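Examining the three-dimensional arrangement
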Amino acid sequence: MTMNFGAVADTVLDDVVTSTPHVPGVVAMVTNRHRNIYEGAAGKRRLDQAANMTTDSIFGIFSTTKAITATAILQLVEEGKLDLDEPAKRYAPEIGKLQVIEGFDDKGDPILRPPKRDITTRMLMTHTAGLSYDFINHTYNRLAQEKDQPSVITATKACLMTPLLFDPGERWDYGTNLDWCGQIVEAITGRRLGDVFKTRIFEPLGIKDMTFELTDAMRGRLAGIHARGADGSLTPMDFELPAKPEVHMGGHGLYGTVGDYMRFIRMWLNDGAGEHGRVLKAETVRMAEKNHLGDKKVTPITGVIPSLCNDAEFFPGQSKSWALSFMINDEQAPTGRPAGALGWAGLANLFYWIDRQNGVGGFWATQILPFGDPTSFIGYMNFETAFYQSLKQRMAS
(Lines give C-alpha, C1' and ligand atoms only; values in the text may rest on other atoms or scores of the structure.)
Protein backbone atom coordinates (compact mmCIF):
# COMPACT_ATOMS: atom_id res chain seq x y z
CA MET A 1 0.00 0.00 0.00
CA THR A 2 1.37 3.44 -0.95
CA MET A 3 1.78 5.64 2.10
CA ASN A 4 -0.29 8.82 2.41
CA PHE A 5 2.42 11.41 2.99
CA GLY A 6 -0.04 14.06 4.14
CA ALA A 7 -1.40 11.82 6.89
CA VAL A 8 2.09 10.74 7.97
CA ALA A 9 3.33 14.35 7.96
CA ASP A 10 0.36 15.44 10.06
CA THR A 11 1.25 12.73 12.56
CA VAL A 12 4.88 13.90 12.69
CA LEU A 13 3.73 17.46 13.46
CA ASP A 14 1.19 16.33 16.04
CA ASP A 15 3.75 14.08 17.74
CA VAL A 16 6.37 16.82 18.01
CA VAL A 17 3.98 19.21 19.79
CA THR A 18 2.65 16.55 22.19
CA SER A 19 5.81 14.57 22.98
CA THR A 20 7.98 14.97 26.09
CA PRO A 21 9.91 17.15 25.54
CA HIS A 22 7.89 18.92 22.88
CA VAL A 23 7.98 22.00 20.68
CA PRO A 24 5.43 24.80 21.21
CA GLY A 25 4.31 24.94 17.60
CA VAL A 26 5.48 24.08 14.11
CA VAL A 27 4.67 24.86 10.49
CA ALA A 28 5.97 22.57 7.74
CA MET A 29 5.46 22.57 3.98
CA VAL A 30 6.64 20.71 0.88
CA THR A 31 6.48 22.04 -2.66
CA ASN A 32 7.05 20.76 -6.15
CA ARG A 33 7.92 23.04 -9.06
CA HIS A 34 4.31 24.24 -9.37
CA ARG A 35 2.64 24.38 -5.97
CA ASN A 36 2.72 23.32 -2.35
CA ILE A 37 1.87 19.65 -2.07
CA TYR A 38 1.75 19.67 1.73
CA GLU A 39 0.97 22.40 4.27
CA GLY A 40 0.70 21.66 7.97
CA ALA A 41 0.62 23.45 11.31
CA ALA A 42 0.36 22.18 14.89
CA GLY A 43 0.63 23.52 18.42
CA LYS A 44 0.58 27.12 19.66
CA ARG A 45 2.27 30.30 18.50
CA ARG A 46 3.18 31.00 22.13
CA LEU A 47 2.66 28.66 25.04
CA ASP A 48 1.38 31.49 27.25
CA GLN A 49 -1.27 32.53 24.73
CA ALA A 50 -4.33 30.86 23.23
CA ALA A 51 -3.62 31.37 19.52
CA ASN A 52 -3.00 28.18 17.59
CA MET A 53 -0.11 27.92 15.17
CA THR A 54 -1.40 28.45 11.62
CA THR A 55 0.19 28.16 8.20
CA ASP A 56 0.16 31.97 7.85
CA SER A 57 2.05 32.51 11.13
CA ILE A 58 5.00 34.91 11.00
CA PHE A 59 8.45 33.60 11.95
CA GLY A 60 11.81 35.15 12.53
CA ILE A 61 13.53 33.18 9.77
CA PHE A 62 17.09 33.98 10.95
CA SER A 63 19.83 32.44 8.76
CA THR A 64 17.41 31.22 6.11
CA THR A 65 17.64 34.92 5.16
CA LYS A 66 21.13 34.20 3.79
CA ALA A 67 19.99 32.47 0.60
CA ILE A 68 17.82 35.46 -0.30
CA THR A 69 20.75 37.85 0.16
CA ALA A 70 22.87 35.53 -1.99
CA THR A 71 20.20 35.73 -4.69
CA ALA A 72 20.47 39.53 -4.69
CA ILE A 73 24.25 39.19 -5.08
CA LEU A 74 23.81 36.82 -8.02
CA GLN A 75 21.48 39.29 -9.72
CA LEU A 76 24.20 41.93 -9.59
CA VAL A 77 26.71 39.45 -11.01
CA GLU A 78 24.35 38.80 -13.93
CA GLU A 79 24.11 42.53 -14.59
CA GLY A 80 27.87 42.95 -14.67
CA LYS A 81 27.81 45.24 -11.63
CA LEU A 82 29.67 42.84 -9.33
CA ASP A 83 32.70 40.60 -9.79
CA LEU A 84 32.73 37.80 -7.22
CA ASP A 85 36.53 37.61 -7.33
CA GLU A 86 37.32 41.33 -6.98
CA PRO A 87 38.19 42.55 -3.47
CA ALA A 88 34.94 43.12 -1.60
CA LYS A 89 36.33 46.44 -0.29
CA ARG A 90 35.88 47.79 -3.81
CA TYR A 91 32.14 47.77 -3.09
CA ALA A 92 32.03 47.96 0.74
CA PRO A 93 35.23 49.78 1.82
CA GLU A 94 34.71 49.09 5.55
CA ILE A 95 35.42 45.39 5.06
CA GLY A 96 38.96 46.32 4.07
CA LYS A 97 39.59 47.48 7.63
CA LEU A 98 39.16 44.00 9.15
CA GLN A 99 42.34 42.38 10.45
CA VAL A 100 43.26 38.85 11.50
CA ILE A 101 43.25 38.18 15.25
CA GLU A 102 46.12 35.97 16.47
CA GLY A 103 45.18 35.89 20.14
CA PHE A 104 45.28 38.24 23.12
CA ASP A 105 48.22 39.95 24.80
CA ASP A 106 49.01 40.00 28.53
CA LYS A 107 46.57 42.87 29.03
CA GLY A 108 43.79 40.98 27.30
CA ASP A 109 43.88 43.15 24.19
CA PRO A 110 43.53 41.46 20.79
CA ILE A 111 46.69 40.89 18.76
CA LEU A 112 45.87 41.91 15.19
CA ARG A 113 47.68 41.83 11.86
CA PRO A 114 46.73 42.61 8.26
CA PRO A 115 45.34 39.66 6.28
CA LYS A 116 47.55 38.04 3.64
CA ARG A 117 44.92 38.62 0.96
CA ASP A 118 41.76 40.61 0.39
CA ILE A 119 38.31 39.24 1.11
CA THR A 120 36.30 38.67 -2.07
CA THR A 121 32.52 38.44 -2.40
CA ARG A 122 32.94 34.78 -3.41
CA MET A 123 34.63 34.15 -0.06
CA LEU A 124 31.69 35.82 1.69
CA MET A 125 29.23 33.69 -0.26
CA THR A 126 31.10 30.50 0.70
CA HIS A 127 31.85 31.41 4.35
CA THR A 128 35.60 31.36 3.80
CA ALA A 129 36.36 35.01 4.60
CA GLY A 130 37.43 34.35 8.21
CA LEU A 131 34.28 35.59 9.95
CA SER A 132 32.26 33.84 12.66
CA TYR A 133 29.63 34.44 15.40
CA ASP A 134 30.05 34.95 19.14
CA PHE A 135 27.71 32.04 19.92
CA ILE A 136 29.87 29.52 18.02
CA ASN A 137 33.39 30.89 18.48
CA HIS A 138 35.32 31.38 21.73
CA THR A 139 37.43 34.28 20.42
CA TYR A 140 34.38 36.24 19.29
CA ASN A 141 32.63 35.46 22.56
CA ARG A 142 35.62 36.78 24.50
CA LEU A 143 35.56 39.98 22.43
CA ALA A 144 31.88 40.36 23.26
CA GLN A 145 32.37 39.69 26.97
CA GLU A 146 35.59 41.67 27.54
CA LYS A 147 35.69 44.24 24.73
CA ASP A 148 31.99 45.03 24.29
CA GLN A 149 31.87 43.81 20.71
CA PRO A 150 28.16 44.22 19.83
CA SER A 151 26.09 41.14 19.02
CA VAL A 152 24.75 40.74 15.49
CA ILE A 153 21.21 40.97 16.87
CA THR A 154 21.83 44.69 17.50
CA ALA A 155 21.74 45.13 13.69
CA THR A 156 24.35 47.89 13.80
CA LYS A 157 27.33 48.70 11.62
CA ALA A 158 29.53 48.26 14.69
CA CYS A 159 28.47 44.61 15.04
CA LEU A 160 29.98 43.85 11.65
CA MET A 161 33.44 45.17 12.53
CA THR A 162 34.83 41.92 13.91
CA PRO A 163 38.33 40.58 13.32
CA LEU A 164 39.07 37.68 11.01
CA LEU A 165 39.88 34.33 12.59
CA PHE A 166 42.18 33.33 9.73
CA ASP A 167 43.45 34.63 6.42
CA PRO A 168 40.65 34.88 3.87
CA GLY A 169 40.14 31.80 1.73
CA GLU A 170 41.84 29.30 4.02
CA ARG A 171 38.85 27.31 5.27
CA TRP A 172 35.08 27.24 5.84
CA ASP A 173 33.81 28.89 9.03
CA TYR A 174 30.22 29.99 9.50
CA GLY A 175 29.60 33.64 10.32
CA THR A 176 28.56 37.15 9.31
CA ASN A 177 29.60 36.77 5.68
CA LEU A 178 26.13 37.32 4.20
CA ASP A 179 25.59 40.39 6.36
CA TRP A 180 28.55 41.87 4.50
CA CYS A 181 27.01 40.69 1.23
CA GLY A 182 23.97 42.75 2.17
CA GLN A 183 26.22 45.76 2.58
CA ILE A 184 27.66 45.13 -0.88
CA VAL A 185 24.15 44.97 -2.39
CA GLU A 186 23.25 48.26 -0.75
CA ALA A 187 26.48 49.93 -1.90
CA ILE A 188 26.00 48.90 -5.53
CA THR A 189 22.27 49.62 -5.75
CA GLY A 190 22.19 52.71 -3.54
CA ARG A 191 19.10 51.29 -1.78
CA ARG A 192 18.33 49.58 1.50
CA LEU A 193 18.46 45.82 1.36
CA GLY A 194 14.78 45.39 2.20
CA ASP A 195 13.80 47.66 -0.69
CA VAL A 196 16.05 45.69 -3.05
CA PHE A 197 14.46 42.43 -1.90
CA LYS A 198 10.95 43.83 -2.35
CA THR A 199 11.28 44.96 -5.95
CA ARG A 200 13.87 42.54 -7.31
CA ILE A 201 12.95 39.29 -5.52
CA PHE A 202 9.71 39.42 -3.54
CA GLU A 203 7.44 41.02 -6.18
CA PRO A 204 8.48 38.62 -8.97
CA LEU A 205 7.92 35.71 -6.59
CA GLY A 206 4.57 36.91 -5.24
CA ILE A 207 5.95 37.20 -1.70
CA LYS A 208 3.72 39.42 0.48
CA ASP A 209 4.69 38.84 4.12
CA MET A 210 8.47 39.07 4.34
CA THR A 211 10.33 42.05 5.78
CA PHE A 212 13.18 43.30 7.94
CA GLU A 213 10.75 45.59 9.77
CA LEU A 214 7.65 44.00 11.33
CA THR A 215 4.30 45.69 10.74
CA ASP A 216 1.58 45.66 13.41
CA ALA A 217 -0.50 43.34 11.23
CA MET A 218 2.36 40.86 10.97
CA ARG A 219 3.05 41.09 14.71
CA GLY A 220 -0.49 39.88 15.32
CA ARG A 221 0.44 36.56 13.66
CA LEU A 222 3.95 36.34 15.14
CA ALA A 223 5.14 33.02 16.56
CA GLY A 224 7.01 33.67 19.79
CA ILE A 225 10.55 32.53 20.55
CA HIS A 226 10.86 29.95 23.36
CA ALA A 227 13.88 29.05 25.47
CA ARG A 228 14.55 25.35 26.08
CA GLY A 229 15.54 24.70 29.67
CA ALA A 230 18.01 22.06 30.83
CA ASP A 231 15.05 20.00 32.07
CA GLY A 232 13.40 20.14 28.64
CA SER A 233 10.87 22.81 29.63
CA LEU A 234 9.97 25.72 27.33
CA THR A 235 9.69 29.35 28.40
CA PRO A 236 8.23 32.01 26.08
CA MET A 237 10.62 34.93 25.44
CA ASP A 238 9.70 38.53 24.67
CA PHE A 239 12.34 38.71 21.95
CA GLU A 240 12.23 40.57 18.66
CA LEU A 241 14.95 41.87 16.39
CA PRO A 242 15.21 45.69 16.31
CA ALA A 243 12.04 47.26 14.92
CA LYS A 244 13.97 49.94 13.01
CA PRO A 245 17.39 48.36 12.43
CA GLU A 246 20.36 50.51 11.50
CA VAL A 247 21.44 47.68 9.18
CA HIS A 248 19.19 45.30 7.29
CA MET A 249 21.13 42.18 8.24
CA GLY A 250 21.44 40.01 5.16
CA GLY A 251 22.55 37.08 7.27
CA HIS A 252 19.58 36.74 9.60
CA GLY A 253 17.21 39.71 9.75
CA LEU A 254 14.02 38.73 7.89
CA TYR A 255 10.59 37.90 9.24
CA GLY A 256 8.16 35.98 7.05
CA THR A 257 5.80 33.08 6.51
CA VAL A 258 6.72 29.56 5.51
CA GLY A 259 4.36 29.87 2.54
CA ASP A 260 6.30 32.83 1.19
CA TYR A 261 9.60 31.00 1.63
CA MET A 262 8.17 28.16 -0.46
CA ARG A 263 7.80 30.66 -3.32
CA PHE A 264 11.52 31.34 -3.00
CA ILE A 265 12.28 27.61 -3.01
CA ARG A 266 10.11 27.15 -6.13
CA MET A 267 12.13 29.83 -7.91
CA TRP A 268 15.29 27.74 -7.35
CA LEU A 269 13.46 24.61 -8.51
CA ASN A 270 12.31 26.45 -11.65
CA ASP A 271 15.73 27.65 -12.84
CA GLY A 272 15.21 31.18 -11.53
CA ALA A 273 11.63 31.80 -12.71
CA GLY A 274 9.04 33.19 -10.27
CA GLU A 275 5.27 33.37 -10.41
CA HIS A 276 5.33 36.95 -11.73
CA GLY A 277 8.71 37.20 -13.41
CA ARG A 278 12.24 35.91 -13.64
CA VAL A 279 14.57 36.46 -10.66
CA LEU A 280 17.71 34.69 -11.93
CA LYS A 281 18.85 33.31 -15.26
CA ALA A 282 18.82 29.52 -15.57
CA GLU A 283 22.56 29.45 -16.17
CA THR A 284 23.10 31.44 -12.96
CA VAL A 285 21.12 28.89 -10.95
CA ARG A 286 23.10 26.03 -12.46
CA MET A 287 26.36 27.82 -11.65
CA ALA A 288 25.33 28.72 -8.12
CA GLU A 289 24.19 25.22 -7.12
CA LYS A 290 27.61 23.71 -7.74
CA ASN A 291 30.30 23.21 -5.09
CA HIS A 292 32.29 26.44 -4.74
CA LEU A 293 34.46 25.27 -1.84
CA GLY A 294 36.76 23.07 -3.89
CA ASP A 295 38.38 20.50 -1.62
CA LYS A 296 37.37 22.35 1.56
CA LYS A 297 34.41 20.97 3.51
CA VAL A 298 31.70 22.21 5.83
CA THR A 299 32.60 21.44 9.45
CA PRO A 300 30.40 20.90 12.53
CA ILE A 301 29.15 23.91 14.48
CA THR A 302 30.24 24.11 18.11
CA GLY A 303 27.98 25.95 20.52
CA VAL A 304 29.75 28.46 22.77
CA ILE A 305 26.74 30.21 24.31
CA PRO A 306 24.51 27.38 25.58
CA SER A 307 21.35 29.50 25.56
CA LEU A 308 21.77 30.20 21.83
CA CYS A 309 23.43 27.19 20.22
CA ASN A 310 24.14 23.52 20.84
CA ASP A 311 26.82 21.57 19.04
CA ALA A 312 25.20 20.83 15.68
CA GLU A 313 25.85 19.10 12.38
CA PHE A 314 23.73 17.95 9.48
CA PHE A 315 24.27 14.29 8.61
CA PRO A 316 27.30 13.55 10.84
CA GLY A 317 30.03 11.56 9.16
CA GLN A 318 28.98 12.60 5.68
CA SER A 319 30.76 15.06 3.39
CA LYS A 320 29.18 18.50 2.97
CA SER A 321 30.21 21.27 0.55
CA TRP A 322 28.95 24.82 -0.05
CA ALA A 323 27.21 26.44 -2.99
CA LEU A 324 26.27 30.13 -3.51
CA SER A 325 24.95 30.17 -0.82
CA PHE A 326 23.66 26.83 0.47
CA MET A 327 25.05 23.69 2.06
CA ILE A 328 25.38 20.76 -0.36
CA ASN A 329 25.16 17.21 0.93
CA ASP A 330 27.77 15.37 -1.15
CA GLU A 331 26.26 11.95 -0.40
CA GLN A 332 22.68 10.73 -0.17
CA ALA A 333 21.47 11.72 3.28
CA PRO A 334 19.93 9.25 5.74
CA THR A 335 16.57 10.95 5.14
CA GLY A 336 16.70 10.04 1.45
CA ARG A 337 17.70 13.54 0.31
CA PRO A 338 19.86 12.91 -2.80
CA ALA A 339 23.49 13.88 -3.19
CA GLY A 340 23.81 17.38 -4.61
CA ALA A 341 20.71 18.78 -2.91
CA LEU A 342 20.82 22.21 -1.27
CA GLY A 343 19.75 23.29 2.20
CA TRP A 344 20.44 25.09 5.43
CA ALA A 345 18.85 26.31 8.66
CA GLY A 346 18.00 29.23 10.94
CA LEU A 347 18.94 29.85 14.56
CA ALA A 348 15.48 29.25 16.05
CA ASN A 349 15.43 25.73 14.59
CA LEU A 350 14.17 26.35 11.09
CA PHE A 351 15.33 23.92 8.37
CA TYR A 352 14.87 23.70 4.61
CA TRP A 353 16.02 21.68 1.63
CA ILE A 354 15.94 22.22 -2.15
CA ASP A 355 16.14 19.08 -4.28
CA ARG A 356 16.45 20.24 -7.89
CA GLN A 357 16.97 16.67 -9.11
CA ASN A 358 13.46 15.63 -8.06
CA GLY A 359 11.92 19.09 -8.31
CA VAL A 360 10.88 19.29 -4.65
CA GLY A 361 11.75 21.24 -1.53
CA GLY A 362 10.57 21.64 2.04
CA PHE A 363 10.68 23.93 5.05
CA TRP A 364 10.20 23.23 8.78
CA ALA A 365 9.76 26.18 11.13
CA THR A 366 9.82 26.39 14.90
CA GLN A 367 10.90 29.23 17.22
CA ILE A 368 13.11 27.64 19.87
CA LEU A 369 16.53 28.50 21.29
CA PRO A 370 19.17 27.14 21.43
CA PHE A 371 19.82 26.03 17.86
CA GLY A 372 20.20 22.30 17.39
CA ASP A 373 17.23 21.60 19.66
CA PRO A 374 17.03 17.78 19.57
CA THR A 375 13.23 17.57 19.61
CA SER A 376 12.79 19.97 16.71
CA PHE A 377 15.68 18.53 14.73
CA ILE A 378 14.47 14.94 15.10
CA GLY A 379 10.97 16.06 14.13
CA TYR A 380 12.34 17.69 11.00
CA MET A 381 14.40 14.63 10.10
CA ASN A 382 11.31 12.43 10.53
CA PHE A 383 9.33 14.82 8.32
CA GLU A 384 11.91 14.79 5.53
CA THR A 385 12.37 11.01 5.80
CA ALA A 386 8.62 10.43 5.52
CA PHE A 387 8.54 12.56 2.38
CA TYR A 388 11.35 10.67 0.65
CA GLN A 389 9.84 7.33 1.63
CA SER A 390 6.58 8.38 0.00
CA LEU A 391 8.44 9.67 -3.07
CA LYS A 392 10.30 6.37 -3.40
CA GLN A 393 7.02 4.45 -3.22
CA ARG A 394 5.38 6.66 -5.84
CA MET A 395 8.31 6.25 -8.20
CA ALA A 396 8.26 2.47 -7.72
CA SER A 397 4.52 2.14 -8.38
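For every chain, the first residue of its written sequence is number 1, and the numbers climb from 1 along that sequence. The model is predicted, so local features are restricted to residues of pLDDT at least 70 and side-chain atom pairs to those at 80 or more, both for listing and for counting; the totals for chains, interfaces and linings are taken over all residues. To get the side-chain values, all heavy atoms of the structure are used, and hydrogens and water are removed first.

To continue, consider the overall build of the protein. Scanning the protein from terminus to terminus reveals 10 helices and 17 strands. Here the protein has a C-alpha radius of gyration of 20 Å; the compact-globule value for 397 residues is 21 Å, and the two agree. Along the three orthogonal principal directions, the C-alpha set of the protein runs to about 65 × 50 × 45 Å. Residues counted as buried form 57% of the 397 residues belonging to the protein. Put simply, of all contacts in the protein between residues at least 6 apart along the chain, 69% involve residues at least 24 apart. Total accessible area on the protein is roughly 15,700 Å²; 49% of this is exposed by carbon and sulfur atoms. Positive residues here are Lys and Arg, negative ones are Asp and Glu, while His and the chain termini are left out of the count. To locate a charge, take atom NZ for lysine, CZ for arginine, CG for aspartate or CD for glutamate. Charged side chains in the protein number 41 positive and 47 negative. The centres of these two groups are separated by 5 Å. A helix here means a DSSP run of H or I that spans at least four residues, while a strand means a run of E at least two residues long, and both kinds are numbered starting from the N terminus. Computation of the radius of gyration draws on C-alpha atoms alone. For the globule rule, the value is 2.2 Å times the number of residues to the power 0.38. A 1.4 Å probe rolled over the protein chains alone gives each residue an accessible area, and that area as a share of the maximum for its type sets the label: buried under 20%, exposed over 50%, partly exposed in between. Two residues qualify as a contact provided that any one of their heavy atoms is within 4.5 Å of a heavy atom in the partner residue. All accessibility values rest on the Shrake-Rupley procedure with a 1.4 Å probe; residue burial counts only the protein chains present in the view.

Further remarks concern the pairing of strand 8 (residues 234-237). Paired strands are those between which DSSP finds at least two bridges. Two elements, strand 7 (residues 225-228) and strand 8, share four bridges in a ladder whose sense is antiparallel. Across the sheet, the residue bridging to histidine 226 is proline 236, located in strand 8. Hairpin remark: strand 7 followed by strand 8, antiparallel, with five residues in the connecting loop; positive phi at glycine 232, about 90°.

So, about the nonpolar core. We call a set of buried Ala, Val, Leu, Ile, Met, Phe, Trp, Tyr and Cys residues a nonpolar core when their side-chain atoms join them within 4.5 Å. Grouped together as the largest cluster of nonpolar side chains are 126 residues, with contacts concentrated most on Leu124, Tyr261, Trp268, Trp364 and Phe383. Residue contributions to this core peak at eight residues, all from helix 8 (residues 258-269). Filtering out sequence-adjacent residues up to four positions away, leucine 124 remains in contact with Ala88, Ile95, Ile119, Ala129, Leu131, Asn177, Leu178, Trp180, Cys181 and Ile184. Counting six residues, the second largest nonpolar core, distinct from the first, contains Ile58, Leu222, Leu241 and Tyr255.

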